[in-house]
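The lines below spell out each chain.
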Amino acid sequence: MRFRRQQEQARAATRKLLVLFALTVLFTVLGVNAALALAWRLQFGGFLGYPPWFFETNTALTLGFVLGGAWLESLRLRDGGAHVAQMVGGREVSPPQDMAERRLRNIVDEMAIASGLKSPRIFVLDRERTINALAAGWEQQDSVVVVTRGALERLTRDELQGVVAHEFAHILNGDTRLNMRLIGMVFGLQMVFNFGRALMSSVDARGRRGPAVAIGAALALAGSIGWLAGRLLRAGVSRQREHLADAFAVQFTRLPSGLGNALRKVAGQVQRGERMASANAEVVSHLLLSADVVVPTAWLASHPPIQERLRRIFGRDMVPLPDEPLPQPEAGEPALPALDFAAGPALAQVATTGAAVSGQPAAPEAAAGPPEALLFELSSATMPGPLHAAVLACLVPPQSAAEMQAWRRAVPDQAAHERLLQAVLSLPPRRRLPWFERLLRLAAALPAPNRAALVRDARAVAQADGRVSLAEYLEGRVLQHQLGVRGERLSAERRSLTLAELAQPVAVVSRALATALPGEQRAEWLQSVLAGLRLPPVGERPMPSGGELAAALDRLVLLGRTERPALIKQWIAGQPLAGWPQRAYDALRCLCLLVDTPLPPPLAAQFEPLSLLPETA
C-alpha cells in the first residue's frame, strides 16, 4: 500500500511539474513578445505598427526554442541514468578495480535487497574529491547510482551505506524520473536566454555590432525569466523530496548516524568552500546528495540546508566532522569467491577413507592409528604450519584433483603435512564440520598475517577448479567470520531488525539453502518456510547469484537476538530433518555460525560431538 501511495505521489508531483512548466513557458512567451515589441519601437522609432504576423512569429519561435530544446535534451537522455553518469565524467564499476569499489558494490547489493529494488548499475566519479552521490534514470530498469571518489575514500562503511540508501530512496519514490524531466525542461527554458546572449556578442564583417544587438538584449532579458524560473522550479520540486529520501535512508539502514555523519562531513567541505570539478555539475545539481558544493546560493539551492537535514536526523544541531581520507584496505585483502550454483552438488560428500579418494596410498603412519589422533595432537599444540594445512584440508572435496593440487601448493611443507590431509579426508561426514569449527577456533588465535594468509589460500583452494559450490561459499564465509577478517563487530543496537523487515534477505538465503535439498523437496520446503515466517511466496524465480547471496547474508546478521533462533527453527521445521542429505545439515550449521546462533538440538543431533581435548602435562 505504501508503494502505491508513493507512486501516486510521484504522478501528482509530475502533473504539478508539468503545470508549472506550462505556466513558465506562457510567461516566457509573453516576456519575449513584450521585449521584442519594445526593441522594435526603440530601433525604428515612433509607432508605425508591427510587421504582419509579428507576435505570432515571436510566439512560434519562442515555443520552438523552449519545447524543442526540452525535447532534444530529453532525447539525449533516452539512454537513462548511464548518460547522466557519463555526462559528469562517471566510469562504470564493472568489475570493481579496488577494494573501495568492491565495498561499494556490496553496499549497493545490500540496499537493493533492503529496498526490494533491482541492483542498479554503479558509476564512480574518479576526478571528484568532494563527498557526493546521485541517482538517475527514467525507470528502475535503467537507473544508476553514481558516487564520487571522495565519498569512497572519506566515508566509513556505515556512512557510505547511508549515502547509497538515500539514493535508493530517490529511485524507489520515483524522484529520478521527475529529475530527468527537470533536466530537459530547464535546458529548454534557458534556450531563449542563451540565444539572446549569442546575438548580443555577434558582430559583422567589419567588427561592428548591428541591430541584432538590441534584439539579442531583448531576448536575453525576456529569456532570463525562463532561466530564473527554471532554476526556481528545479529547486522547489527537489527540496521537498530530499527530506523524504533522508527518512527512507534511515529506515533502510536503521542507523541514523550513517547518513547523518556523512552529511556532517559534507558540511565541513561546504565551510571550506570546496566545489565539484565537473563542468556539468550545475546541470545535475538537483540530483546530488548535496548541491551546496555546486550552487551555494540559498534561494537557488535545490536542497534544504544541511543543518536543517541534520536536525531532522539527529534532533539537534550538529557540528561538521573532519573528512580526512580513511585508511584504505589493501588490494590483497581476502575477498569472497563468486558463487556458481551450477557447480554441481551443493556440498560434496566426503569419502570414508582418504586413500580411496586421493589416488595415493595412505601413509603407514596414518593407517596405524585413528586418523583423528593427528588432529588431537594439533589441537593441543596450536602450531601455525600444521594448523594452516589442516584448516585448508577441510575445504578440499575428495573428488577434486584441482583443489588437492591447490592445497599442496598452499602448504609450505607438503610432504610433512600430507598425513593431515589424509586424516581430514578420512573423517566421517558427521564429524568433518565440527572439526572444521574446532580448528578455526584455534586459528583465530594466530597472528593477523597468518590469518590473512589462511583466508587467501582458502580462496585459492575454493576457486582452483573454476567453480565454487554453495558449501565452499558458506564455509569460506564461516572461515572469514571466525577469523575476524570480515567486516566490523556489530553493536546490539544495529542487530535489532525483525524477520518482517528483512523479508527479502531471508527469502534469498532460503532459496539458496533449498538447493542443498533433493530436487523434489525444494519447492515444498521453501513454501513451508516462507509461510511459517509469514513472508510472501517467492514464486518461480531463479536461484540467487553470488552477489545477491552475499548481500543477503550481510543483512541477515542484523536480525535481533530472538529473531535469529526463530529463523533457524523455521528452516528445520519446514520438513522433518530425518532423511536430509548431509550437505543440508552442513549448510544449516554454517548459517548458524554466520548469524551467531547456537545449533538447535534437532540439528546438533545430526553431527557427532567431538571429545574434549586431551589433557596436557
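I will try to describe carefully the structure that is included in this document. Nothing here was measured: the structure is a model prediction, and the numbers come from that model. (Residues numbered from 1 in each chain as written. Predicted model: local features only at pLDDT ≥ 70, side-chain atom pairs only at ≥ 80, totals over all residues. Heavy atoms only, no water.)

## Here we look at the packing of helix H10 (residues 256-271) against helix H11 (residues 306-314)
Put simply, the rule reads: Geometry is summarised by axes, namely lines fitted to C-alpha atoms with helices restricted to the contacting stretch, and by angles between N-to-C directions that run from 0 to 180 degrees. Counting from the N terminus, the helices are DSSP H or I runs at least four residues long and the strands are E runs at least two residues long. Working rule for angles: under 35 degrees goes down as roughly parallel, over 145 as roughly antiparallel, 65 to 115 as roughly perpendicular, anything else as oblique. Two helices cross in a left-handed way if the nearer one is turned anticlockwise from the farther one by less than a right angle. They cross in a right-handed way if the turn is clockwise. Contacts between residues were defined by any pair of non-hydrogen atoms, one from each residue, lying within 4.5 Å. As a working rule, the residues Ala, Val, Leu, Ile, Met, Phe, Trp, Tyr, Cys and Pro are called nonpolar, Asp, Glu, Lys and Arg charged, and the rest polar, with Gly in that last group.
Two elements in contact, H10 and H11, have axes separated by 10 Å at closest approach and are oriented at 160°. The pairing of H10 with H11 is recorded here as roughly antiparallel in orientation. Crossing handedness for the pair H10 and H11: left-handed. Side by side, H10 and H11 meet where Pro256, Ser257, Leu259, Gly260, Asn261, Leu263, Arg264, Val266, Ala267 and Val270 of the first sit next to Ile306, Arg309, Leu310, Ile313 and Phe314 of the second. Split into classes, the residues belonging to the contact of H10 with H11 amount to 10 nonpolar, 3 polar and 2 charged.

## Observations concerning the pattern of salt bridges
Test applied: Take a side-chain nitrogen of Lys or Arg and a carboxyl oxygen of Asp or Glu: if they are within 4 Å of each other, that pair is a salt bridge. Three labels apply to residues, based on accessible area from a 1.4 Å probe with only protein chains included: buried if under 20% of the type maximum, exposed if over 50%, partly exposed otherwise in between.
Enumeration over the complete set of coordinates arrives at 26 salt bridges. Of the charged contacts in the structure, one is a salt bridge between arginine 408 and glutamate 418, with a shortest N-O distance of 2.9 Å. Placement of arginine 408 in helix H16 (residues 401-410) and of glutamate 418 in helix H17 (residues 414-425) is noted, with a sequence separation of 10 residues between them. In this structure glutamate 418 comes out as buried when scored by relative accessible area, which is 11%. Taken together, the shared-partner salt bridges connect Arg91, Asp98, Glu101, Asp126 and Arg149 into one network.

## Notes on the state of the cysteines
Formally, a disulfide is one covalent bond, and it connects the sulfur atom of one cysteine to the sulfur atom of another. The criterion, for reference: When the sulfur atoms of two cysteines come within 2.5 Å, that pair is taken as a disulfide.
In the structure shown here, the tally under the stated rule is 0 disulfides. The thiol of cysteine 590 is unpaired, and the distance to the nearest cysteine sulfur, on cysteine 592, comes to 9.3 Å. For cysteine 590, a relative accessible area of 3% corresponds to the buried category.

## Remarks on the packing of helix H4 (residues 99-115) against helix H6 (residues 157-172)
Viewed as axis vectors pointing N to C, H4 and H6 meet at an angle of 45°, and their least axial separation amounts to 9 Å. Accordingly, the angle class assigned to the pair H4 and H6 is oblique. Pair H4 / H6 crosses with right-handed handedness. Contacts between H4 and H6 involve Arg103, Leu104, Asn106, Ile107, Val108, Glu110, Met111, Ala112 and Ser115 on the former and, on the latter, Arg157, Leu160, Gln161, Val164, Ala165, Phe168 and Leu172. Residues belonging to the contact of H4 with H6 are distributed by class as follows: 10 nonpolar, 3 polar and 3 charged.

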